[in-house]
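Analysis of the macromolecular model
This is what each chain is made of:
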Amino acid sequence: MNRPFDTERLRLRPFREDEGEAWHAIWGDPDVIWWGANESLEQSRSVLQRLVRREREEWPDGLGWLAVREQGGDEIVGDVLLQPAQFVDGIEVGWHFRKHVWNRGYATEAARGTIEQAFATRVCDEVHALVALQNEPSLRVAAKLGMQAVKEIEYADLPHRMFVRHASEA
Ligand SMILES: CC(C)(COP(=O)(O)OP(=O)(O)OC[C@H]1O[C@@H](n2cnc3c(N)ncnc32)[C@H](O)[C@@H]1OP(=O)(O)O)[C@@H](O)C(=O)NCCC(=O)NCCS
């Protein structure tokens, strides 16, 4: 996703290579990245650099990792990704938010805006998501996004539900 955009309460724009600290505040928190948080700021910095470079050099236009801020706020409170899916031939959407902003509806609002933007700009005409069955908050996000459950698969040694949403259903 190359262009910044706003939702009702949030502002989304591409993550930059030099935002390792903000990245680490999300990806270094084991309460957020419960399946395996980064152990150090250095690790987070290098993961983000690799990601941003791959996004720039390898991915089709319109895909990427978005930093999410509240309108009027400077702090990056979460991310939404739109990237080549790792579990199916297609595009996946994903979301991760800092704990102090959970339960405000931000994940749903940010992911919905990202999907709508992707469909409106014809980046893709369907998006997938993969959510661990134990991750009830994210299963609810997928449902609120109007995503349909397709099937259950084992991924990273955990049972997951795969979801899809087609642009024609928007
Ligand atoms: C999963 C996660 C992203 C959810 O974030 P969130 O912003 O709290 O999720 P939601 O958008 O669903 O909002 C949560 C609640 O806020 C409530 N809410 C409060 N104020 C609201 C408002 N003004 N508008 C909308 N919803 C509001 C909603 O009712 C919702 O309740 P529900 O879960 O019963 O539907 C967050 O828990 C997280 O980052 N988890 C760890 C990372 C992760 O698991 N990522 C997904 C990997 S697949």
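My aim in this report is to walk through the structure given alongside it, one point at a time. Just so we're clear, the structure is a prediction, and the values are computed from it rather than from any experiment. Each residue is numbered by its place in its chain's sequence as written, counting from 1. Thresholds applied to this predicted model are a pLDDT of at least 70 for local features of residues and 80 or more for the giving and counting of side-chain atom pairs; totals over whole chains, interfaces and linings are not thresholded and use all residues. Calculation of side-chain values draws on the structure's entire complement of heavy atoms; hydrogens and water are dropped beforehand.

With respect to the site of the ligand
- It suffices for a single heavy atom of a residue to lie within 4 Å of a molecule or strand for the residue to be listed as near it. What surrounds the ligand is a group of 21 residues, the closest being W95, N103, T108, N135 and K144.
- Measuring from an oxygen atom of the ligand, one finds a backbone N or O atom of Y106 at 3.4 Å.
- Side-chain polar atom of R140 to an oxygen atom of the ligand: 2.8 Å apart, as the coordinates give it.
- Burial of the ligand by the surrounding chains reaches 71%, relative to a free accessible area of 960 Å².
- Using a grid of 1 Å spacing that covers the protein atoms alone, one calls a set of points a cavity when a 1.4 Å probe fits there but cannot get out, and a pocket when the set is open and has protein on both sides within 12 Å along at least five of seven lines; lining residues are those with an atom within 4 Å of a point. Molecule-in-pocket calls rest on the fraction of atoms, with more than half required to lie within 2 Å of the cavity or pocket grid points. Here the ligand is seated within the largest pocket.
- Of all elements in the fold, only β5 (91-97), α3 (106-120) and α4 (136-144) reach the threshold of two or more residues within the shell around the ligand.
- A run of H or I in DSSP counts as a helix once it spans at least four residues, and a run of E counts as a strand once it spans at least two, with each numbered from the N terminus. The element contributing the most residues to the shell around the ligand is α4, with five residues.
- Each residue receives one of three labels: charged for Asp, Glu, Lys and Arg, nonpolar for Ala, Val, Leu, Ile, Met, Phe, Trp, Tyr, Cys and Pro, and polar for the others, Gly being one of them. Among the residues forming the shell around the ligand, the class breakdown is 11 nonpolar, six polar and four charged. N or O atoms within 3.5 Å of each other form a polar contact, as long as, within protein, one can give a hydrogen and the other can take it, and as long as residues adjacent in sequence are counted only when both atoms are side-chain atoms. Calculation of accessible area relied on Shrake-Rupley with a 1.4 Å probe; when residues are assessed, cover is drawn exclusively from the protein chains displayed.

Notes on the side chain of S44
- Position of S44 relative to the elements: it lies in helix α2 (residues 41-57).
- Three labels apply to residues, based on accessible area from a 1.4 Å probe with only protein chains included: buried if under 20% of the type maximum, exposed if over 50%, partly exposed otherwise in between. Here S44 falls in the buried class, since its relative accessible area comes to 0%.
- Filtering out sequence-adjacent residues up to four positions away, S44 remains in contact with G20, W23, H24, G28 and N38. Residues are treated as being in contact if the distance between any of their heavy atoms lies within 4.5 Å.

Description of the packing of helix α1 (residues 20-27) against α2
- The angle between two axes is taken between their N-to-C directions and runs from 0 to 180 degrees, where each axis is a line fitted to C-alpha atoms and a helix contributes only its stretch in contact. One way to put it is that α1 packs onto α2 with a least axis distance of 8 Å and a crossing angle of 110°. In terms of their interaxial angle, α1 and α2 are classed as roughly perpendicular. Contact with α1, carried on its side by G20, E21, W23 and H24, involves L41, S44, R45, V47, L48 and L51 of α2 and no other residues of that element.
- Residues that form the contact of α1 with α2 fall into these classes: five nonpolar, three polar and two charged. Oblique is the label for every angle not falling under 35 degrees (roughly parallel), over 145 degrees (roughly antiparallel), or within 65 to 115 degrees (roughly perpendicular).

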